[in-house]
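Secondary and tertiary structure notes
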Amino acid sequence: MAAAFMLAGIKCSAQSHTEVLKRMLHYGETHVVPAGDTLTTNVYSKYTINIGRRNVLLSVVPTMFYLLRDGQRNHLSESYSRVVTNGKDIDTHRYLHLSTIYHRHNTLPPMEKYVTPRLYEEKLFADAILSPANYHNRKYYRYRMRDNGDGTSYVSISSRHRNTQLIRRGYAIVDNATGRISEFSFEGEYDMIRSVLHCTMRDDSISVMPLNCDVQAKFSFMGNKIKVHLITMYDQKTEMPDSIEDSDDSTLMNRVRPIPLTEEEERIKEDYYKRNTKARSDTATTSGGHKKRNWAKHIMWDIVGDNLLNKIKTNIGDEERGQIRIGPIFNPLYFGYTARKGVIYRFDIKSFYNFTPNNDITARLKLGYSFRQKQLFYNIPVQWNFDKCHNGYILAEFGNGNRISNSRVLDNIKTIHNADSIDWNAMHLDYFRDTRLHLGFNIDVIKNTLGIETGFTKHRRSAVDRSGFEAAGRPAVYKTFAPFFQIQYRPLTDRVPLVITTQWEHGIKHFGGQIAYDRFEFDGQYVLDMPRMRSWQLRSGFGFYTHKGHDDYFLDYHNFHEDYISLGWEDRWSGEFEMLNANWYNASDYYFRANATYESPLLFLSFCPIVGQIVEKERIYLSTLAVRGLLPYVEGGYGFTNRAFSMGIFTGWSKYGFEGVGMKFGFELFNNY
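Residues numbered from 1 in each chain as written. Predicted model: local features only at pLDDT ≥ 70, side-chain atom pairs only at ≥ 80, totals over all residues. Heavy atoms only, no water.

**Examining the overall build of the protein**
Counting its regular elements, the protein contains six helices and 29 strands. For the protein, contacts bridging at least 24 residues in sequence account for 58% of all contacts bridging at least 6. For the protein, the exposed surface amounts to about 32,600 Å²; the carbon and sulfur share of it is 56%. (Helix = DSSP H or I, 4+ residues; strand = E, 2+ residues; numbered from the N terminus. Contact = heavy atoms within 4.5 Å. Areas by Shrake-Rupley, 256 points an atom, 1.4 Å probe, with all protein chains shown as cover.)

**Thoughts on the packing of aromatic side chains**
Scanning the model with the defined rule gives 32 aromatic pairs in all. A ring pair is formed by Y80 and Y95, whose centres lie 6.4 Å apart and whose planes are at 35°; its orientation type is tilted. Highlighted residues: Y80 in strand β2 (residues 74-86) and Y95 in strand β3 (residues 89-99), separated in sequence by 15 residues. Accessibility classification places Y80 together with Y95 in one group, the buried group. Grouping aromatic residues by their ring pairs yields a cluster made of Y517, Y545, Y557, F560, F577, Y585, Y591 and Y633. For R146, the ring lying beneath its charged end belongs to Y154, and the centroid distance is 4.1 Å. (Phe/Tyr/Trp six-rings, centres within 6.5 Å; stacked < 30°, edge-to-face > 60°. Buried < 20%, exposed > 50% of the residue type's maximum accessible area, 1.4 Å probe, protein only. Lys NZ or Arg CZ within 6 Å of the ring centre and 35° of its normal.)

**Some words on the side chain of S623**
Position of S623 relative to the elements: it lies in strand β26 (residues 615-627). Under the relative-accessibility criterion, S623 is labelled buried at 6%. A polar side-chain atom of S623 sits 2.9 Å from a polar atom in the side chain of N595. The contacts of S623, once residues within four sequence positions are left out, are E576, F577, A594, N595, Y633, V634 and E635. (Polar contact = N/O pair within 3.5 Å; in protein donor to acceptor, adjacent residues only side chain to side chain.)

**Here we look at the side chain of E505**
Inspection of the secondary structure puts E505 in strand β22 (residues 498-507). The class for E505 is buried, based on a relative accessible area of 5%. Among the polar contacts made by the side chain of E505, one reaches the side chain of Y517 at a distance of 2.7 Å. Filtering out sequence-adjacent residues up to four positions away, E505 remains in contact with T457, A482, P483, F484, Y517, D518 and R519.

**Comments concerning the confidence of the model for the protein**
Per-residue confidence for the protein averages 80 on the pLDDT scale, and 79% of its residues sit at or above 70. Mean pLDDT per element in the protein: helix α4 (residues 295-309) is the minimum at 51, and strand β6 (residues 169-175) is the maximum at 94. Considering only residues more than four positions removed or in separate chains, one finds that residues 284-293, a stretch of pLDDT under 50, has eight contacts. Residue range residues 295-300 is modelled with pLDDT below 50. Its contacts to residues more than four positions away, or to other chains, number six contacts. (pLDDT = per-residue confidence, 0-100.)

**Things to note about the environment of T362**
Assignment of secondary structure puts T362 in strand β15 (residues 359-370). Taking C-alpha positions, T362 is 9.6 Å from L395, a pair spaced 33 residues apart along the chain. Excluding residues within four positions of it along the chain, T362 makes contact with S351, F352, P381, V382, Q383 and N385.

**Details of a nonpolar patch on the surface**
Together, F355, W384, I394, L439 and F441 make up an exposed nonpolar region whose accessible area comes to about 410 Å². Within the secondary structure, F441 sits in strand β19 (residues 431-446). (Patch = residues over 30% accessible without salt bridge, like charges linked within 9 Å, V, L, I, M, F, W, Y side chains within 5 Å. Salt bridge = Lys/Arg side-chain N within 4 Å of Asp/Glu carboxyl O.)

**Quick notes on the nonpolar core**
Residues M111, L119, I181, F184, F219 and I226 are the most contacted members of the largest nonpolar core, which totals 64 residues. Excluding anything up to four places from it in sequence, I181 contacts M24, L119, Y120, A133, A172, I173, V174 and M201. Counting residues in hydrophobic clusters, the runner-up holds 23 residues, among them I515, F554, F577 and Y633. (Core = buried A, V, L, I, M, F, W, Y, C linked by side-chain atoms within 4.5 Å.)

**Some points on the pairing of strand β21 (residues 477-489)**
Note that strand β20 (residues 450-463) and β21 share 13 bridges and pair antiparallel. Across the sheet, residue T457 finds its bridge partner in β21, namely A482. Sheet topology note: the β21/β22 ladder contains six bridges and is antiparallel. Residue pairing for β22: F484 is matched across the bridge by E505. (Pairing = 2+ DSSP bridges.)

**Details of the state of the cysteines**
Using the criterion set out here, one finds one disulfide in the structure. Residue pairing for C199: its cysteine sulfur links by disulfide to C213, the two sulfurs lying 2.5 Å apart. Here the disulfide of C199 and C213 is right-handed, its torsion about the S-S bond being about 105°. Of this pair, C199 sits in strand β8 (residues 193-201) while C213 sits in strand β9 (residues 210-221); the two residues are 14 residues apart in sequence, bridging distant segments of the chain. Classification of C213 as buried rests on a relative accessible area of 2%. (Disulfide = S-S within 2.5 Å.)

**Looking at the pattern of salt bridges**
Counted under the stated rule, the structure contains 22 salt bridges. Among the salt bridges present, the one from R169 reaches E187, with a minimum N-O distance of 3.0 Å. With R169 in strand β6 and E187 in strand β7 (residues 181-190), the pair connects residues that are 18 residues apart, well separated along the chain. For E187, a relative accessible area of 24% corresponds to the partly exposed category. Its salt-bridge partner being R267, residue E264 comes within 2.6 Å of it at the nearest N-O pair. You can see E264 and its partner R267 sitting in helix α3 (residues 263-282), three residues apart, about one turn around the helix. Several salt bridges converge on common partners, so that one network encompasses R168, E189 and R194.

**Brief notes about unusual backbone geometry**
For the peptide bond that leads from L631 to P632, omega is -5°, which places it in the cis range. In the Ramachandran plot, D191 falls in the positive-phi region, its phi being about 55° despite a non-glycine side chain. Tracing the backbone shows D191 in the loop between β7 and β8. Residue D191 is classed as buried on the basis of its relative accessible area, which comes to 5%.

**As for the environment of T85**
With respect to the secondary-structure elements, T85 resides in strand β2. Through-space distance from the C-alpha of T85 to that of T41 is 8.6 Å; in sequence the pair is 44 residues apart.

**A word on the pairing of strand β14 (residues 342-356)**
Pairing between strand β12 (residues 322-326) and β14: five bridges, direction antiparallel. Counted as the bridge partner of G322 is Y353 from β14. Bridge analysis of strand β13 (residues 335-338) against β14 gives four bridges, and the strand direction is antiparallel. Residue pairing in the sheet places T338 in a bridge with G342 of β14. Counted along the chain from β14 to the antiparallel partner β15, the turn is two residues long.

**Side note on the environment of H561**
For H561, the position within the fold is in the loop between β24 (534-548) and β25 (590-600). Residue class for H561 comes out partly exposed when judged on its relative accessible area of 29%. When the C-alpha atoms of H561 and G401 are compared, they prove to be 9.3 Å apart, with 160 residues separating the residues in sequence.

See the structure below:
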C-alpha cells in the first residue's frame, strides 16, 4: 500500500517507511568497500546499435564517424574483460573483443559509465547526475513507498525539478532491515543520451557494486537518431591468461558468453560475416596478386575522416606505457569567442609516457588563433616527474602571450629623437609580442605539504612595428633573464585543496638579460567542495617590485596575467578577469587581486521551464583588483554550461565608471565522446 512519508519535506503516514528510507539514504556511509581494498572481477559486455536516421552531421561526433564508414544501420559488439577497481581507479584488461563496427572501433564512450553506477555516492556516474540514493541529494527528489510483504519495500522516485543533473523517474527495491538496494531502475537524459538504466546489485551486505546492468538508450543529434542496448554482467567465472589481449577469436567468445545472442543479434553477426566473405571473394587482384584499392574512398574515409573529423589516440612503447591524444584537427566545435579576442580557434594535443609508477613524462600543445588579432597563441609545457611520491619534477614551458602595450618605450624614443617629421602614433610602437621560456625544478621537502621550486624565466619582447625603432636607432627587441625561487605550502592537502605560494624573481643583466629588477608575489588558492556538486573557488594575492632599473619598460607578473588559450568550462574559467583591458596587466609596479566563484548544478536557470532541463552547471563570479591608476576595479559575472556550449556574461566597474558588458562563449559539445 502506497504511503507518503516525512523526510526533507516529503510526507508519509507510516513511521516504518520513514526508517527504511533513512537506512537507504545512509547505507553508503557505513557499507562501503574499505579504503585500499582491490576488487577484481571478470566482465562480459555486449551492445547493439540501431541507426534509425542519419546524415552527414553524424561525422562531427567523435567516434560516431565509424558508423558512417560502411553504411550499415545495425551493429553488434561483444567483449570479455578483467576489471580491477581500487578506490576511484579502474584498470581494464580486455581479453576478447568482437565487433561489426569498422575495424572494431569503440563508439559512444559515454555509455561506459552507465554500467558502473556509484549508487550511494553523491554523483551517480563519474562526474554527473545527483544520485537519489544519497542523503545529501534528498531535497531534489520525491519518494513514495509500499511494502512488498517479503521484507523489502518498493520505493518510487521522481525528481522535483526537470534538470539534466537529476534522474527523471525510477524505482528501487530496498531491504527493510538494512536499507540495501537490491535492484533499481532509473530514467534520465544527459549529454544527448536519454537512457533507462536497470541494475541488480550483488547479494551481500558490504558490496555497493552492481552484478548486472541493462541500459536502453537513445542518442539524438541534428536529425540523427540512434538506439543502443547495452548489457554488462559482472563476476563471470571463466578465467583467462593475460597473454590473450583484444583477441577477435569468435570460437573462444562462444565458450565464455554467459547468455545466448538473440535472433536479431545473430542476424547482425551473420550479415557481417557474409559481407566480409563476399568482399574478399569479389576483390580484384593484379597479376602480382596485390589487391586493388579504391584510393578515393581510402583517402576520404580512412585518412581525411580519421584524422580530421575524429579523435586520435595512439599508444607508445612495447607495453603501451605511453599515449598521444589529439582532438579532431578540424572541428567547428573548437571555435570560441571572447569580447577582446573575438573568434578563436583552439587545438589541444596531450601525451604521456610512464617509465615506472613513480617516474613519467608528460607534454602538451595548446594552440589558439585569434582572428581579430591575427595572431597564433601557443603554450608547450613538458614535465618530467622523476619522483612523483615527493612531487619531484622538472618543468620546461615555452609559449607566447598577448600583445603588451608599453607607452614608456615610445615616450623614451620621442625624448631622445625629437623628430617632428615622424608620425609616431601611426606606427603603434607601444605594442610588443612576448615570447616566454620557463624552466623550473620542484621537490617536496615535506611530503604533500611543503614544496620548493627554483629555476629561471626568460622573456623576449619584440615590437609589432619595427620601422619606427629602426628610424630612431633604437632596439626593437627587449630581453629579460630572471632566476626565481618559490615556496609552496599545502597545509590541508588531505582534506581540502588549499595552496599558498610565495615567489621571488630577480632580473639580471646576464645570459641575454637587459633589465634588472626584484619582484615578490604571494598567492593563495582554495577550493571548497560541498554536497550536491557545489563548490566555492577562491583566490587572492598580491605582488610588487622592490627594485627596478631605469630601463624597466616591462612589468610582468607570474600570478597576474591574461590567460591567452582558454579551452572551455573546466580550463581556468575561474580566477580570471574577463573584462579587464590587457594593458592593465603590465601597467603597475604592484597589484592586489581577489576572485571568488560559486558553482552549482541547480542555481537560477535550472529552475526555469524548458531551459532548466538542459543546464548542467551554473556559476557566479566576483573579482576585485587594485593597481596603480585603477583603484578599485570590480568585476561580476554569471555563466552556465550545457551539453552544447558554455557561456558567460561579465561586467565591470572602475573609478572611471561603468566598463560595459562582455561575453565569453565556447563549444562544449562532445567533450565526453
